[in-house]
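Residues per chain are reported as follows:
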Amino acid sequence: MFLKSLKMLCLLTYADIKAVNPEALTPWKAENIWQLYIAAENHLNRSADLALRTAKRNQRGSLVVFKPSMDADFNDRRFIERELKRAISEKALDVHYQPIVSSDGNRIVGAEALLRWTHPVRGQVPPGVFVPVAEESGTIVALGDWVMSRVCETAARWSRAGIHQRIAINISTRELG
């Protein structure tokens, strides 16, 4: 239906309709045509923007044709971004520590800090989902600050308990700049 209406708008102008039947174009019909035109223009602009964002995420110089699934993906990414900001401010994230074992496997030589997020509705959100969104939105810096703070607290607590381990932290290049 949308594409059919859009094709009509491309083919027909106000003058075309008026020339065929001057009585056919009442103010009400003219307003409906104008609203349909604006809606089509807004939809095309949004579709083009979503395709452009997808192309930028893929690789430089790639060509992307809009698909309706891009709209759902965009809305999901916005949801993740908004909820991640909330999780950071409410301290609703967790840092887990994975042991790093010596090459001979006989002793623990350190730990790697791993960020985990359990969303109240979605449950476990994998880092492969929320980290790219944080990188793109710039939230990664606040996220990195939060993780660094938790790791420092843990390292101090471990030190007071007589545990002296190195802790590896993954950081984003955006945090370095």
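The present account deals with the structure reproduced in this document. (Residues numbered from 1 in each chain as written. Predicted model: local features only at pLDDT ≥ 70, side-chain atom pairs only at ≥ 80, totals over all residues. Heavy atoms only, no water.)

**Looking at the overall build of the chain**
Counting its secondary structure elements, the chain contains seven helices and four strands. Expressed as a percentage of contacts within the chain between residues at least 6 apart in sequence, the contacts between residues at least 24 apart total 56%. Total accessible area on the chain stands at roughly 12400 Å², and carbon and sulfur atoms take up 57% of it. (Helix = DSSP H or I, 4+ residues; strand = E, 2+ residues; numbered from the N terminus. Contact = heavy atoms within 4.5 Å. Areas by Shrake-Rupley, 256 points an atom, 1.4 Å probe, with all protein chains shown as cover.)

**Description of the environment of Leu-143**
By the secondary structure assignment, Leu-143 is in helix 6 (residues 140-160). Along the sequence, Leu-143 and Ile-88 sit 55 residues apart, while their C-alpha atoms lie 6.7 Å from each other. Residues contacting Leu-143, with those up to four places away along its chain left out, are Leu-84, Ile-88, Leu-93, Leu-115, Phe-130 and Ala-134.

**Focus: the nonpolar core**
Counting residues in hydrophobic clusters, the biggest one holds 18 residues, and the most contacted among them are Leu-84, Leu-93, Leu-115, Trp-117, Phe-130 and Leu-143. At the level of elements, helix 4 (68-89), strand 1 (93-101), strand 2 (108-119), helix 5 (127-137) and helix 6 are the ones that each hand at least two residues to this core. For this core, the leading source of residues is helix 6, giving five residues. Setting aside residues no more than four positions away along its own chain, Leu-115 makes contact with Leu-93, Asp-94, Val-95, Pro-127, Phe-130, Leu-143, Trp-146 and Val-147. (Core = buried A, V, L, I, M, F, W, Y, C linked by side-chain atoms within 4.5 Å. Buried < 20%, exposed > 50% of the residue type's maximum accessible area, 1.4 Å probe, protein only.)

**Things to note about the pattern of salt bridges**
Applying the stated criterion across every chain yields a total of six salt bridges. A salt bridge links Glu-81 to Lys-85, with the nearest nitrogen and oxygen atoms 3.4 Å apart. With Glu-81 and Lys-85 both in helix 4, this residue pair falls four residues apart, about one helical turn. The closest approach of N and O atoms between Glu-90 and Arg-86, which form a salt bridge, is 2.6 Å. Glu-90 gets classed as partly exposed once you look at its relative accessible area, which sits at 49%. Overall, Arg-86 belongs to the partly exposed group, its relative accessible area being 22%. What you see here is one network of salt bridges that share partners, running through Glu-83, Arg-86 and Glu-90. (Salt bridge = Lys/Arg side-chain N within 4 Å of Asp/Glu carboxyl O.)

**Re the side chain of His-119**
Structurally, the position occupied by His-119 is in strand 2. A polar contact of 3.0 Å, which involves the side chain of His-119, links it to the backbone nitrogen of Val-121. Sequence-distant contacts of His-119, that is, excluding residues within four places in its chain, are made with Phe-79, Glu-83, Arg-86 and Val-125. (Polar contact = N/O pair within 3.5 Å; in protein donor to acceptor, adjacent residues only side chain to side chain.)

**What about the packing of aromatic side chains?**
Applying the stated criterion to the full structure yields two aromatic pairs. On the numbers, 5.6 Å between centres and 90 degrees between planes, the contact of Trp-117 with Phe-130 is edge-to-face. Linking Trp-117 in strand 2 with Phe-130 in helix 5, this pair joins segments that are 13 residues apart in sequence. (Phe/Tyr/Trp six-rings, centres within 6.5 Å; stacked < 30°, edge-to-face > 60°.)

**Comments concerning the pairing of strand 1**
Successive side chains on a regular strand alternate, one facing one side of the sheet and the next facing the other. Bridge analysis of strand 1 against strand 2 gives nine bridges, and the strand direction is antiparallel. Looking at strand 2, one finds that Leu-93 is bridged to Trp-117. In this structure, the hairpin formed by strand 1 and strand 2 is closed by a connection of six residues, where Gly-105 is found at a positive phi of approximately 75 degrees. (Pairing = 2+ DSSP bridges.)

**Here's the deal with a nonpolar patch on the surface**
On the surface, Met-148, Ile-171 and Leu-176 cluster together into a nonpolar patch covering about 300 Å² of accessible area. Relative to the elements of secondary structure, Met-148 occurs in helix 6. Judged by its relative accessible area of 36%, Met-148 is partly exposed. (Patch = residues over 30% accessible without salt bridge, like charges linked within 9 Å, V, L, I, M, F, W, Y side chains within 5 Å.)

**Here's the deal with helix 6**
Its 21 residues place the ends of helix 6 30 Å apart at the C-alpha level, agreeing with the 30 Å of an ideal helix rising 1.5 Å per residue. Among the residues of helix 6, those classed as buried are Ile-140, Leu-143, Gly-144, Trp-146, Val-147, Arg-150, Val-151 and Thr-154. Each buried residue of helix 6 lies within a common arc of 160 degrees when the element is viewed along its axis, so the set occupies one face. Phi turns positive, to about 85 degrees, at Gly-162, one or two residues after helix 6. (Expected span 1.5 Å × (residues − 1). Arc of directions from axis to C-beta.)

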